[in-house]
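Spelled out from the first residue to the last, the chains are:
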Amino acid sequence: MTLNYYLDKPKAEGDTAIYLFLRIGKQTIKIKTGQYINPRYWNTKPDKSGNHVKRNFTGCVEFNAWLDNRRSEMLKLYNRLTASGNISFEELKEALLSHHGEKEPERVVGFLEHLMDFIAVRSTELGKATLAKYRILYNHLDGFSRHQRYRLSFEAIDMRFFDLFRTYLIQEKRHTDNTLWKDFATLKTFMGWAQERGLHQNLAFKKFKTLQREAEMIYLTEPELMKLYHAELPVGGKLDRVRDVFCFGCFTGQRYSDIANLRRSDIRGDRWVLRSVKTDTTHNVPLNGFALAILSKYDGEERPLPVMSNQKTNDYLKELGVLLGIDDPVTITRKLGNARVAETQPKYTFLSTHTARRTFITLSLEKGMRPEVAMRISGHTNYATFKKYIKISEKVTENEMNDIWRLPAQMKVVS
């Protein structure tokens, strides 16, 4: 009789099942262990210590000890069952597979599989962009696990994991501070969801802290916006359509996802009854003359606005920026670990669909709109979130200073 471990798929690229084979002559009993491992960490022939799991695998000592104990346990059971010599092969097989009351041990679902379950469960509640964040997190965790040879589990999400994963994201993925903040915020949401469902009791993730820095905000100045709005472009062409949709966003302050979801039934006179795709809340958006003029241009069309995909729109916006000379140099500074990285590019390089929302908020405040009114129109309910969209220009700073500290008419400036 021999008792040895084998992989289910020894050439698999990902994790594969580990089986314990008991052979008696030409007859074999295949016993599922419930454990999985990537073949790259597996010794097909045990080393001198009898270890199957290689030393470069995190947790190899514990894993090898578990395999040894499992094998010893099965060997003792086999010796006990065969001691009398009156047991048939089928009876032996049934007894071994039924050990501890299990026919076939159920597979232990891995950490990343639970993350995929989370994504599937939340797919009916979350928007595409939010779901994409979790899929990206999945890919980063999978890449990290392979790169660092780190065995992921709920119990392994500790401060050592935090340090290693953070370093991996900075060095291998070139993530800036704000991207790191989003990475760990997404992970913490998943860990909280899993904890609430009894999948773990590890609270170390609540200690994960990363810096969130004030992001550079790109917006169009009023002259740039009017130049874009009045530009003579081939009617019905791609740039004409992209310009109209983008300007509509600049004059309403709404998210691109909501503009793309706009229906004619949502327009009630000079207001837009909007149900937000992201927040699933409803609010009224007053439509000014510029927004109404853009809508009237497409009265005979099936859709209120000729919205294209986000990616194509971003590409064409940069093309528009080049065409119209929206090319003032803009410097964006980011922190990458300990390094400060400054990037200076023409303004059109940074134009995107989100620039419209920032433009509306900034220009509205420049023109004297009260922040609470701008928040109501844009749909923000939290000032801290709203504040991130504000880019106070030098013009506003100068005007505010002069208005508040204006000299009385009878006073003269001392030179």
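Residues numbered from 1 in each chain as written. Predicted model: local features only at pLDDT ≥ 70, side-chain atom pairs only at ≥ 80, totals over all residues. Heavy atoms only, no water.

(A) Spatial organisation of the overall build of the protein chain. Regarding its fold elements, the protein chain presents 15 helices and 8 strands. The C-alpha radius of gyration computed for the protein chain amounts to 31 Å, which surpasses the reference 22 Å derived for 415 residues by more than 25%, pointing to a less compact arrangement than a globule. Dimensions of the protein chain along its principal axes, counting C-alpha atoms only, are 115 × 60 × 35 Å. In the protein chain, which comprises 415 residues, the proportion classed as buried is 41%. The contacts in the protein chain between residues at least 6 apart in sequence include a share of 56% that link residues at least 24 apart. Of the roughly 24,500 Å² of accessible surface on the protein chain, a fraction of 50% belongs to carbon and sulfur atoms. Computed over 66 positive and 49 negative side-chain charges, the separation of the two mean positions in the protein chain equals 3 Å. (Helix = DSSP H or I, 4+ residues; strand = E, 2+ residues; numbered from the N terminus. Rg over C-alpha atoms; globule rule 2.2 N^0.38 Å. Buried < 20%, exposed > 50% of the residue type's maximum accessible area, 1.4 Å probe, protein only. Contact = heavy atoms within 4.5 Å. Areas by Shrake-Rupley, 256 points an atom, 1.4 Å probe, with all protein chains shown as cover. Lys, Arg positive; Asp, Glu negative; His and termini not counted. Charge placed at Lys NZ, Arg CZ, Asp CG, Glu CD.)

(B) Fine view of the layout of surface pockets. By volume, the second largest pocket is sized at about 750 Å³. Taken together, 30 residues make up the lining of the second largest pocket; nearest its centre are Asp15, Gly110, Phe111, Arg151 and Leu152. Looking at the lining of the second largest pocket, the elements that each hand over two or more residues are β3 (27-37), α3 (111-122) and α4 (128-148). Along the lines of polarity and charge, the residues of the lining of the second largest pocket split into 13 nonpolar, 8 polar and 9 charged. The residues that make up the lining of the second largest pocket include at least three from each of domain 1 (2-100) and domain 2 (111-207). (1 Å grid on protein atoms, 1.4 Å probe; cavity = no way out; pocket = protein on both sides within 12 Å on 5 of 7 lines; lining within 4 Å. Points joined across faces, edges and corners; volume = space filled by probe spheres on them. Nonpolar A, V, L, I, M, F, W, Y, C, P; charged D, E, K, R; others polar. Domains from an automatic or database assignment.)

(C) The pattern of salt bridges, seen in detail. Per the stated rule, a full pass over the model turns up 13 salt bridges. Between Glu224 and Lys347 there is a salt bridge, and its shortest N-O distance comes to 2.7 Å. Of the two residues, Glu224 sits in helix α7 (residues 222-230) while Lys347 sits in the loop between β8 (339-346) and α12 (353-366), which places them 123 residues apart along the sequence. Just as Glu224 is buried, Lys347 falls in that class too. Two residues, Arg243 and Asp240, come together in a salt bridge whose shortest N-O distance is 2.7 Å. Taken together, the residues Arg243 and Asp240, both in helix α8 (residues 238-252) and 3 residues apart, mark about one turn of the helix. Asp240 shares its class with Arg243; the two are buried. Put simply, Asp240, Arg243, Asp244 and Lys297 are held in one network by salt bridges that share partners. (Salt bridge = Lys/Arg side-chain N within 4 Å of Asp/Glu carboxyl O.)

(D) Spatial organisation of the packing of aromatic side chains. A complete count under the given rule lists 27 aromatic pairs for this structure. Ring centres of Phe111 and Phe154 lie 5.0 Å apart, and the angle between their planes is 70 degrees; this geometry places the pair in the edge-to-face category. With a gap of 43 residues between them, Phe111 in helix α3 and Phe154 in the loop between α4 and α5 (159-171) connect regions that are remote in the sequence. Taken as a pair, Phe111 and Phe154 share a single burial class, namely buried. A centroid spacing of 5.2 Å and a plane angle of 65 degrees characterise the contact between Phe144 and Phe165, whose relative ring orientation is edge-to-face. Of this pair, Phe144 sits in helix α4 while Phe165 sits in helix α5, and the two are 21 residues apart along the sequence. Each member of the pair Phe144 and Phe165 is classed as buried. Here the aromatic cluster, defined as three or more aromatic residues joined through ring pairs, consists of Phe144, Tyr150, Phe161, Phe162, Phe165, Tyr168, Phe184 and Phe208. Between Lys30 and the ring centre of Tyr19, over which it is positioned, the NZ or CZ distance is 4.3 Å. Stacked on the ring of Tyr219, the Lys or Arg Lys347 has its end atom at 5.6 Å from the ring centre. (Phe/Tyr/Trp six-rings, centres within 6.5 Å; stacked < 30°, edge-to-face > 60°. Lys NZ or Arg CZ within 6 Å of the ring centre and 35° of its normal.)

(E) Region of the structure containing the domain arrangement of the protein chain. If you check the domain split of the protein chain, you get domain 1 (2-100), domain 2 (111-207) and domain 3 (222-403). When each unit is reduced to the centre of its C-alpha atoms, the spacing between domain 1 and domain 3 is 62 Å.

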